[in-house]
Amino acid sequence: MDSAANMESVPGRRSRLPAAALVLVILLFNANNIAWIGADGSVPMWDEISHFKRSAKFGFMLFRSNDVTRMGGVELEALDRLKQASPAGSYMLRSPASGYAAALGGLYGGPKHPPFAYMVSAPVAWLTRSPDAAAGFSAFLFSAVLLASVFSIASRFSNPWGGVLAAFMVATMPQVLSLSSRFLLDVPLAAMCALTYAVYLSSEGFGKRRESVLFGVVFGVGMLTKEIFPVFTAGIFAVEASRGILGRLSGTRSPALRNAGIAAAAALTTAGFWFIYYLPGLFKVFTKHQFMGSVEMDPGWREGAGALFYVVGLSVQATFAYACVFVPCAFLFVRANFRKGAFIPILLWIAAPLAFFTFISNKDFRYTLSCLPAVAAVTGAVLASLRPRALAVAACLAVAAAGLVQSMHYCWGAPDLPDAEIELFPGVKSDVSRINLIPPAVPPAAARSSSAVDGIMRILDAESAKAAAAGRNRLVVKYLFDIPEISTPVELRYLKSNYRAYFTCEGVEIQARTALFNPQEMDDADLVIVKLKGTLGPPHMTDFALKAMEHFRGRIRQFATLSAFRHSDGTPVAIYRSLKHEAGGKRSEGGDSDG
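Residues numbered from 1 in each chain as written. Predicted model: local features only at pLDDT ≥ 70, side-chain atom pairs only at ≥ 80, totals over all residues. Heavy atoms only, no water.

## Side note on the state of the cysteines
Among covalent bonds in proteins, the disulfide is the one between the sulfur atoms of two cysteines.
Working step 1: A full pass over the atoms with the stated rule returns zero disulfides.
Working step 2: Cys-193 provides the cysteine sulfur closest to Cys-371, a residue in no disulfide bond, and the two sulfurs are 8.3 Å apart. (Disulfide = S-S within 2.5 Å.)

## Some details on the packing of helix H17 (residues 343-358) against helix H18 (residues 372-384)
Working step 1: Their axes nearest at 9 Å, the elements H17 and H18 cross at an angle of 140°. As summarised for this structure, H17 and H18 are arranged oblique, according to the angle between their axes. In the crossing of H17 with H18, the sense of the turn from one axis to the other is left-handed. Where H17 approaches H18, its residues Ile-346, Trp-349 and Ile-350 are matched on the opposing element by Pro-373, Ala-374, Val-375 and Val-378.
Working step 2: In terms of residue class, the contact of H17 with H18 is made up of seven nonpolar, no polar and no charged. (Axes fitted to C-alpha atoms, helices over the stretch in contact; angles between N-to-C directions. Helix = DSSP H or I, 4+ residues; strand = E, 2+ residues; numbered from the N terminus. Parallel < 35°, antiparallel > 145°, perpendicular 65-115°, else oblique. Left-handed = near helix turned anticlockwise from the far one by under 90°. Contact = heavy atoms within 4.5 Å. Nonpolar A, V, L, I, M, F, W, Y, C, P; charged D, E, K, R; others polar.)

## A look at the confidence of the model for the protein chain
Working step 1: Summarising the model, the protein chain shows a mean pLDDT of 78, and 74% of its residues fall at 70 or more.
Working step 2: Low pLDDT, under 50, characterises residues 1-11; the predicted model gives this stretch zero contacts beyond four residues in sequence or across chains.
Working step 3: Below a pLDDT of 50 lies the segment residues 584-595, which in the model reaches 29 contacts outside its immediate sequence neighbourhood of four places, other chains included. (pLDDT = per-residue confidence, 0-100.)

## Let's talk about the pairing of strand E5 (residues 527-531)
Working step 1: In terms of burial, E5 is largely enclosed, as five of its five residues are buried.
Working step 2: As defined by bridge partners, strand E3 (residues 474-480) adjoins E5 across four bridges and the pair is classed as parallel. Bridge pairing links Lys-478 to Val-528 in E5.
Working step 3: In terms of strand pairing, E5 meets strand E7 (residues 572-578) through five bridges, oriented antiparallel. In the sheet register, Ile-529 faces E7, and the bridge partner there is Ile-575. (Buried < 20%, exposed > 50% of the residue type's maximum accessible area, 1.4 Å probe, protein only. Pairing = 2+ DSSP bridges.)

## Regarding the nonpolar core
Working step 1: Counting residues in each nonpolar core, the largest one holds 101 residues, and the members touching the most others are Leu-146, Leu-147, Phe-206, Phe-215 and Trp-349.
Working step 2: Counting residues per element, this core draws most heavily on helix H10 (residues 186-202), at 12 residues.
Working step 3: Apart from residues lying up to four places away in sequence, Phe-206 is in contact with Tyr-200, Ser-212, Phe-215, Ile-236, Phe-237, Glu-240, Pro-255, Ala-256, Asn-259, Ala-260 and Ala-263.
Working step 4: Residues Val-476, Met-522, Ile-556 and Ala-574 belong to the second largest nonpolar core, which totals 16 residues. (Core = buried A, V, L, I, M, F, W, Y, C linked by side-chain atoms within 4.5 Å.)

## Structural notes on helix H16 (residues 320-336)
Working step 1: Along its 17 residues, H16 runs 25 Å from first to last C-alpha, staying within 8% of the 24 Å computed at 1.5 Å per residue.
Working step 2: Along H16, the largest kink reaches about 25° and is centred on Val-327; proline Pro-328 follows within four residues of it.
Working step 3: Those residues of H16 that fall on the buried side of the exposure criterion are Tyr-322, Ala-323, Phe-326, Cys-329, Ala-330 and Phe-333. (Expected span 1.5 Å × (residues − 1). Bend = angle between axes of the 7 residues up to and from the residue.)

## Points about the side chain of Thr-358
Working step 1: With respect to the element layout, Thr-358 can be found in helix H17.
Working step 2: At 2.5 Å, the side chain of Thr-358 forms a polar contact with the backbone oxygen of Leu-354.
Working step 3: Residues contacting Thr-358, with those up to four places away along its chain left out, are Trp-301, Gly-306, Ala-307, Tyr-310 and Lys-363. (Polar contact = N/O pair within 3.5 Å; in protein donor to acceptor, adjacent residues only side chain to side chain.)

## A word on the pattern of salt bridges
Working step 1: If you walk through the whole model with that rule in mind, you get 10 salt bridges.
Working step 2: Two residues, Asp-364 and Arg-366, come together in a salt bridge whose shortest N-O distance is 4.0 Å.
Working step 3: On the basis of relative accessible area, Asp-364 is assigned to the partly exposed category, the value being 30%.
Working step 4: Among the residues examined, Arg-366 registers a relative accessible area of 18% and is labelled buried.
Working step 5: Measuring nitrogen to oxygen at the nearest pair gives 3.8 Å for the salt bridge that ties Arg-472 to Asp-526. Remark: Asp-526 occurs in the loop between strand E4 (509-514) and E5 and Arg-472 occurs in the loop between helix H20 (451-469) and E3; sequence separation between them is 54 residues.
Working step 6: Accessibility expressed as a relative area gives 25% for Arg-472, which makes it partly exposed.
Working step 7: Connected through salt bridges with shared partners, the residues Asp-186, Lys-226, Asp-364 and Arg-366 form a single ionic network. (Salt bridge = Lys/Arg side-chain N within 4 Å of Asp/Glu carboxyl O.)

Have a look at this one:
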């Protein structure tokens, strides 16, 4: 009897091994991220800081219900006017539910992106008062969802070990490693795309009602994660609607079409309140991206480098080795699933976004990051299904070993691998003109410091203290030119000041922004930071800079020179203080000089 029980327990133990391996992959992935971030001394990039601020705002609204109107910034000025004008409004804003009402209003208060990722990190931001903790929690949660979903997808097409390999591939892809250590929306978007496909597969082509409703809710949450989510996932509805219509025409009755409609209704119910409200704004964002592509001189879709930008870019995002393995695996995947047509939604997951973003002039590899889970799922499923079994084991181990070596080289520079690249478009300035066969090492950066960075930080601290002493809760800072060495310390101070202002209702909120593209914004600035006579970059940026400087020179008498020093590249940096808060303001000490 005991021996029989032991024999029955073996399959159970074996079935739990892939799940345990998946958990190990998730933990190692996040441990590597934590170690990398801990060793990295660089400051957040611009987009990260704006995401940090939105997360902080939601945290404040949710947990300081009776103080919502004390938060600095223009977002709540309308609420403050309501409090002043109406006794009922004043009572409402002091009620326990006011924070939640304000948070709901914040969904429409001008966020550039949907709110889900911010609302996930908001409680951690509030509890810890730390942008790093909020970013870490968001990265851990969404990466776990991403890897578990890829595991589920690949397992359905092969076996659990194929799922483990697919999850491991995603965890060792350079761009996933890079963006998961930043508080950005790309990895959350990839996670929700993968989860959506995993739930879709569990619905068996919308054949199951409960799973179809769950799919609709997950789809809606994905839409609330980033506005481009439907580009990666709408193919599911297209495929199933086509199948349902063809089935009806042929006289075959199936619940799939009705369940797909119910799923669509669930998605609209979950996310429609945000998308319907912001639909006109999304068209404006699209237009802006088209404009920025030409301004940044990205290759157009009619050019070879532009037409192949994202196709070739997959080898950059996933590594050249993974891309080479994926191509034959995609062929085998289609052949194995051809009769059922099960390959169509998965390959649309890859093909539709590549086509969509190719025709958008503004190009960046990270726009198609959410295709990488599909690449890994197809590869893992095919390799784990190879016969004989020994071939499958050898192929999986070889791919896993290559991924481990490449990812460690990418994150830490150890082992030290040689540089090797292929030149695709000689003489073309594009991210795909040369392809690295081995991802270049990007080890943690040392803390960035220079006389300009240190000087700007000290001045911002001092000016913030003066503003607080004068009873002002905002310090408006504009800078020329939009280069990391100047904007980075301003943005970092901006982040820290907003966290303090939001969570303690003390300190001064810094509004920092480049005035390169809208010089009139300098007119209302408290401080203007200018890097003079530096390299301005390509001609289109030079034109913007010259117009901005001409505008500033015309108003130079409204400012006093606060400080001037040299940047590490030898070019001078000047900081000007507005005289608008000084009675009988003085003339600028700089006169009509190069400032």
